[in-house]
Amino acid sequence: MNFAASPVLALTLPIWRSRLLLYVFIACFALLLGRAVYLQGLNNDFLQAKGESRYSRVIEIPANRGRILDRNGEALAISTPVKSIWAIPGEVHTSERQLARLAALLEMSPREIEKRLSDTGGDFVFLKRQIPPEVAERVAGLHIPGLFQNREYRRYYPSGEVTAHVLGFTGADDIGQEGVELAFQDGLAGKPGSRRVIKDRLGQTVEDVESIKAAQDGRDLALALDARIQSLAFSQLKAAVAQHQAKAGAVVVLDVDTGELLALANFPTYNPNNRNKLSGAQLRNRALTDTFEPGSTLKPFTVALALEGGRVRPDSVIQIAPGSLSIGAATIHDAHLERSLTVAQVIQKSSNVGAAKIALSLSAESMWEMFRDVGFGAAPGLGFPGEAGGKLRPYRSWRPIEQATMSYGHGISVSLVQLARAYSVFARDGELVPLSLLRVDIPPAARRVMAPKTAGAVRAMLEMAVNRSGTAPRAQIMGYRVAGKTGTAHKQENGVYATEKYVSSFVGFAPASHPRVVIAVMIDEPSAGRYYGGTVAAPLFAQVMAGALRVLDVPPDGPMQPIELPPEGEEVKESV
Amino acid sequence: MTRLNLLLVAVLTACALGLVTSQHQARKLFGELEQEQERSRQLGVEYGQLQLEASTWAVHARVERIASRQLHMRVPDAKRLQIVGPREVAK
C-alpha cells in the first residue's frame, strides 16, 4: 500500500487559513502583552496597593498625656492605659455561660449587655469603657466573636478630693474638661503618631517601612501648687466647715514674692477618680469662679488711698460718735462704743462709720481707680476656665451712700483669689504681682500701685488688727508677726441682704517683718452660732499659715510667747 | 573560559545565599528590636502605675495619720524650733 499516494494527504488547505490563525494568535499575545504593560507599568497603583495591603500595615503609635506635678515634682495626675470593650452587635454569639462570665467581669448585668447588643441598629457599640488591662485580658480569654478591645487612657488623681478643684478632670477621651486639665489641654495632650510596617503571616512585624508621623508625648506640667500646703489647707478647711456647720468654704495661699498659687482649697469637693454622682455645689471652684461681697476686708484699701493722698495720717482722729452715720435716707451703724478712733484704730477695730467717713472725703474716681489698680472688677488672668472678675461698677454711677458702703466692702464683689492678690500689695510694699498657676522660677515684673510708705503704714495697722485689742486675736501664731483683716458680711439673696446669713472671711500675711505668704480664707454661711470673721475665719487662717510657714522654712520674727487671747466672747466685734 | 564561568556561578550563588541570610538576620534583629520597644512601652506604663501607687501611699493625709496615730509624732512648739537658713549653713 502506498501511503504516499493517499488522497487524504494530497489534500491541501488554503494557505490563508494558517496565516489567519497565526495573526489571531499574534493579536491575542499582543493584547495580553499590552494589558500586562498597562497593569505593570502604566497604571500599577491599584494593584500595588492591593498587594501591599496583604503585608503592610499602618499602625498607630500611642502618645501619653503629660503628668501634672506639684512644685516639688510630686505627681498629682497621671494617665495610664486602660481598655475599652466594644462589639459589632450582629456578630456577637455567646453561650449563656460566656455571657454570665462577661457580665461578671464587666460588673454589669447580663440583661444590660443583651440590651446594648440588641437595641442599636448600627454596627458599633461600647460595652464598657476604661476597664483595667488585667480585666480586659480575661475578657479576651473568653474568645467571644464580635467583641473587640481598644486601648484608651485613664487619668488618675492620687490626691483625690484635695486637689480636685485646681486640677479639674478629663473626660473619657482623655481631653481636659475642667480646671488645669482644660486650661493647659494643648500642652498636656500628646499627639499620637503612626508608622507603616510589614507584617508576616503570623502577624509579627518584620520590617519598618516608613514613619508617617512621629508620636509626641504630652509635656509634664509643673504647677505652683505645693502639695503639702494644699493638703494642710484642705484638711483644716474641711474641719472648719464642719465645726461651724457652714455651707461652704475656701482657702487661697499665695507666694508674696512670685505671685504663685501655693494652694487653693474648696469645700465641698468631689473625688475626681470617681465622678458618678456629682452636684453643681461640689464642682464649684468658689475661690476662683464665685464672687462675694467681701465686707470689712476692703477697708484697708480705702485707708491706703486716703494715706496716699495725704488726707489722713495713721494717727489722725476720726469722730465715731454717736455710732451711726446718716447719708441721705440710709444710715450706717457701728458696733463700737468709742467716741473717736484714730485711722489705725478704724482698721484695728473695723469701724464702718470711720471707713465711710474716710471714703466720703475721697473722690469716687480715685476710689474706683484704687480698686481697679489692685485687681478688682477684672479677672485675675490666671488662665483658669471661668475665673470671675467680680463686680465693680463705674464710678460715675456711684451715689454717696454707695461710695460709703463700698469702703467697707458692700456693693462690690470680688473672688477670694482677687482678694488675696490685692493684699499682696500691702505685703510687698505697694506692688501688684501677676498670679501664676504654674511654677515660676524667675519672679515676674510687678506693677507699683501705691507708695512703699503707704503700704508699710497699712501693714502696721493690719498687724494691730491681729493683736489682743483688734478684731482678730485668734489669727496670731506663736513666733511670727501676723498682719491681716477680718471681714463679716451679710449675704445678698435676690438683691436683699439676708439677716441671718453671713460670709466670714480673713485675709492676711506673715511674717509681717518680711511677708512671704498671703492667705485668704472664706467661710460661707457659718450656722453654728458664731459668724464673726475673727472667730470663724481667723483661727483657720492661723492654722494654715502656721503650717505654710513651717513647710516653707520661714524663720520666726516674733516673740516666742504663748498667744494671749481675750476671754471667750469678749473679742472686739466688728461691725457688720 | 568555562572555568571562569563556573567561578562566577559559585560567587553569584554565594552572594545570593549571603543576601538571604543577611535579610533573615535583619528581620530577626528587627523582631527583637520590636519586642524590646514593646517592653520599654510596657515598662513605661508600669512606671506610671508605680508612680501612681507611690503618690497614693504618700498622700499627706495618710502620712500625717500614721505619724500622729501610729508613731505618736507631733509638731514641736515654736519655742523648740531653730530654723537654719542656707546662708548660715554656708558660714
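**Examining the overall build of chain B**
A count of helices and strands for chain B gives three helices and zero strands. The order of helices and strands in chain B, counted from the N terminus, is α-α-α. Here chain B has a C-alpha radius of gyration of 34 Å; the compact-globule value for 91 residues is 12 Å, and the former is much larger. In terms of overall dimensions, chain B has a C-alpha envelope of 105 × 40 × 15 Å along the principal axes. Within chain B, the proportion of its 91 residues that are buried is 13%. Accessible surface for chain B amounts to roughly 8000 Å². Of this, 62% is attributable to carbon and sulfur atoms. The centroid of the 13 positive side-chain charges in chain B is displaced by 5 Å from the centroid of its 9 negative side-chain charges.

**What to know about the confidence of the model for chain B**
All names here are of chain B. Summary statistics for chain B give a mean pLDDT of 86 and a share of 90% for residues scoring 70 or more. Helix H1 (residues 2–57) holds the highest mean pLDDT among the elements of chain B, 91, whereas helix H3 (residues 86–90) holds the lowest, 54. Among the scores for the predicted complex, ipTM is 0.75 and pTM is 0.82.

**Focus on a nonpolar patch on the surface**
Residues and elements named next belong to chain A. The grouping of Ile15, Trp16, Leu20 and Val24 at the surface amounts to a nonpolar patch, some 440 Å² of accessible area in total. Within the fold, Trp16 resides in helix H2 (residues 15–42). Taking the relative accessible area as the measure of exposure, Trp16 reaches 55% and is therefore exposed.

**Digging into the sheet that holds strand S6 (residues 193–199) of chain A**
Residues and elements named next belong to chain A. Taken in spatial order, the three strands line up as S1-S6-S7 in an open sheet, and their pairing is antiparallel. The two strands at the open ends of the sheet, each matched to only one other strand, are strand S1 (56–61) and strand S7 (205–213). Neighbouring strand axes in the sheet, compared pairwise and without regard to direction, differ in orientation by 30° on average. In terms of strand pairing, S1 meets S6 through six bridges, oriented antiparallel. In the sheet register, Ser56 faces S6, and the bridge partner there is Ile198. Along the sheet face, helix H3 (residues 45–55) touches S1 and S6 and points at about 60° away from the line of S1.

**A few points about the packing of aromatic side chains**
Residue and element names in this part refer to chain A. As enumerated under the stated definition, the model contains 14 aromatic pairs over all chains in all. Ring centres of Phe234 and Phe267 lie 6.2 Å apart, and the angle between their planes is 50°; on these two criteria the pair is classed as tilted. With Phe234 in helix H10 (residues 227–243) and Phe267 in strand S10 (residues 261–267), this residue pair connects regions lying 33 residues apart in the sequence. You can call Phe234 buried: its relative accessible area is 4%. Aromatic pair Tyr502 and Tyr531: ring centres 3.8 Å apart, planes at 5°, arrangement stacked. In this pair, Tyr502 sits in strand S18 (residues 496–510) while Tyr531 sits in the loop between strand S19 (517–524) and helix H20 (533–551), placing the two residues 29 residues apart along the sequence. Given the relative accessible area of 8%, Tyr502 is considered buried. Given the relative accessible area of 23%, Tyr531 is considered partly exposed. Pairwise contacts between aromatic rings join Phe301, Phe371, Phe376, Tyr423 and Phe426 into one cluster. Across from the ring centre of Phe126, 4.3 Å away, lies the NZ or CZ of Arg129, which sits over that ring.

About the cut-offs
Residues numbered from 1 in each chain as written. Chains lettered and ligands numbered in written order. Predicted model: local features only at pLDDT ≥ 70, side-chain atom pairs only at ≥ 80, totals over all residues. Heavy atoms only, no water. Helix = DSSP H or I, 4+ residues; strand = E, 2+ residues; numbered from the N terminus. Rg over C-alpha atoms; globule rule 2.2 N^0.38 Å. Buried < 20%, exposed > 50% of the residue type's maximum accessible area, 1.4 Å probe, protein only. Areas by Shrake-Rupley, 256 points an atom, 1.4 Å probe, with all protein chains shown as cover. Lys, Arg positive; Asp, Glu negative; His and termini not counted. Charge placed at Lys NZ, Arg CZ, Asp CG, Glu CD. pLDDT = per-residue confidence, 0-100. Patch = residues over 30% accessible without salt bridge, like charges linked within 9 Å, V, L, I, M, F, W, Y side chains within 5 Å. Salt bridge = Lys/Arg side-chain N within 4 Å of Asp/Glu carboxyl O. Pairing = 2+ DSSP bridges. Axes fitted to C-alpha atoms, helices over the stretch in contact; angles between N-to-C directions. Contact = heavy atoms within 4.5 Å. Phe/Tyr/Trp six-rings, centres within 6.5 Å; stacked < 30°, edge-to-face > 60°. Lys NZ or Arg CZ within 6 Å of the ring centre and 35° of its normal.

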